[in-house]
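Residues per chain, in single letters:
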Amino acid sequence: MKKNILIDVERLKYPRSGIANVCISLIKGIDEKLCHFNYTFYGPKKNIPETQSDLKIINWQFWQKKIKINTSPFSLIHVTHQLSDYFHSKKDHQKKVVTLHDLNFLHDNSSTKKIERSKKLVQKNIGNADAIACISEFVKNDFFQNKHLFSLKNDVQVEVIYNGLIFPENVIFKSEKKYEFIDRKFILNIGVLFPKKNQEVLIDLIADNERDLVLITSSAKSEYKQKFLDKVKKMGLEKRVHILENVENNEKYFILQHCESYCHPSLAEGFGIPPVEAMFFGKPVFLSNLTSLPEIGGDLAFYFNDFSSASMKTVYDEGIEKFNADKENYIAKLKERALRFSYEQMAGSYEQLYRNLLD
């Protein structure tokens, strides 16, 4: 008889978030496999994609933080985010897997109060876990360096399972929208405007290289966003910096296929989904050399060693020249590397982890 597994995809409440995309990828990967288990997903039913297999859904309700759902039928619970508010406890017969995306709150100048609050929530999730799946080697190393902050089971397994993406079936997209920058050379960045994403250094980069800068971001308000806009205005670059909010996937892919390059100067990334998407489209990728990003780009990306405008311009100009000198080869290798981070790979790795714990 197949054992029952419950997977927490509550973060689909925020369907445009990176974690939501990972949850959808996991659902699709499990749906396409000849499943070794009976799967149930816990999350907002309206945001969970339709499946071909007999996968069950427990619809998320806001009151379930206080009145917990019955998990007795399940042999394993997979919490897909270390800051989840659900499934902190488990039955004696159950196994538990927690996906650890990052410990950024330890490194991003958070207040003492926020750090303590986040540590407590992570502890509630991983303290009784039988396995912790880190989304990159960087996250795994960071966890081991800070392991002393948490109380864990003695026999907890810790391994790396990279996030997996659902790539489009083609790379040719059309748009009804008229983007003024689309026929010009432009640098693309995708991500929320937050200090750790460090997008402001890209303003200095385009000031020196005459490209446009396009940011695909959310509509979230932040002090950093205002700081970013003030800098654009101060440098007189309003006509060359374009901020697009809450862009649908097909529009994002349309912009990706037309950009000259993708730049991601982030200071902290547990994984980094947008650079992988850019690699799939065969675009030259420029990354910071920090945290997990060298794992993602490997020897195919170009890296900013510091964020002075002169240094970034040198890296950019030399990278574009090198890419264009061997363009077809780069495009093929970039796409091949991107496919290492597919939803099929991720789902297969998780199911193997479940089997290791339950069989």
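Keep in mind it's a predicted model, so treat the numbers as computed, not measured.

Asks: I'd like a rundown of the packing of aromatic side chains, residues and numbers included.
Replies: By the definition in use, this model includes 24 aromatic pairs. Between Phe-37 and Tyr-39, the ring centres sit 6.2 Å apart and the planes meet at 85°, which makes this aromatic pair edge-to-face. Each member of the pair, Phe-37 as well as Tyr-39, is classed as buried. Aromatic rings pair up to connect Phe-286, Phe-302, Phe-304, Tyr-316, Phe-323 and Tyr-330 into one cluster.

Asks: Explain the pattern of salt bridges to me, and be specific about the residues and the numbers.
Replies: Oppositely charged side chains are able to pair whenever their charged atoms sit close together. All told, the structure shown has 19 salt bridges when counted by the stated rule. In this structure, Lys-197 engages Glu-269 in a salt bridge whose closest nitrogen and oxygen atoms are separated by 2.6 Å. Separated by 72 residues along the polypeptide, Lys-197 in the loop between β8 (186-190) and α4 (200-209) and Glu-269 in the loop between β11 (261-264) and α7 (273-280) bring together distant segments of the chain. Assigned by exposure class, Lys-197 and Glu-269 land together as buried. Because the salt bridges share partners, they merge into one network encompassing Glu-200, Asp-204, Lys-227 and Lys-231.

Asks: Please give an account of the environment of Gly-191 that cites residues and values.
Replies: Of note, Gly-191 is situated in the loop between β8 and α4. Along the backbone, Gly-191 and Ala-207 are 16 residues apart, and their C-alpha atoms lie at a distance of 21 Å. When residues no more than four places from it in sequence are discounted, the contact partners of Gly-191 are Gln-199, Ile-216 and Thr-217.

Criteria and cut-off values
- Residues numbered from 1 in each chain as written.
- Predicted model: local features only at pLDDT ≥ 70, side-chain atom pairs only at ≥ 80, totals over all residues.
- Heavy atoms only, no water.
- Phe/Tyr/Trp six-rings, centres within 6.5 Å; stacked < 30°, edge-to-face > 60°.
- Buried < 20%, exposed > 50% of the residue type's maximum accessible area, 1.4 Å probe, protein only.
- Salt bridge = Lys/Arg side-chain N within 4 Å of Asp/Glu carboxyl O.
- Helix = DSSP H or I, 4+ residues; strand = E, 2+ residues; numbered from the N terminus.
- Contact = heavy atoms within 4.5 Å.

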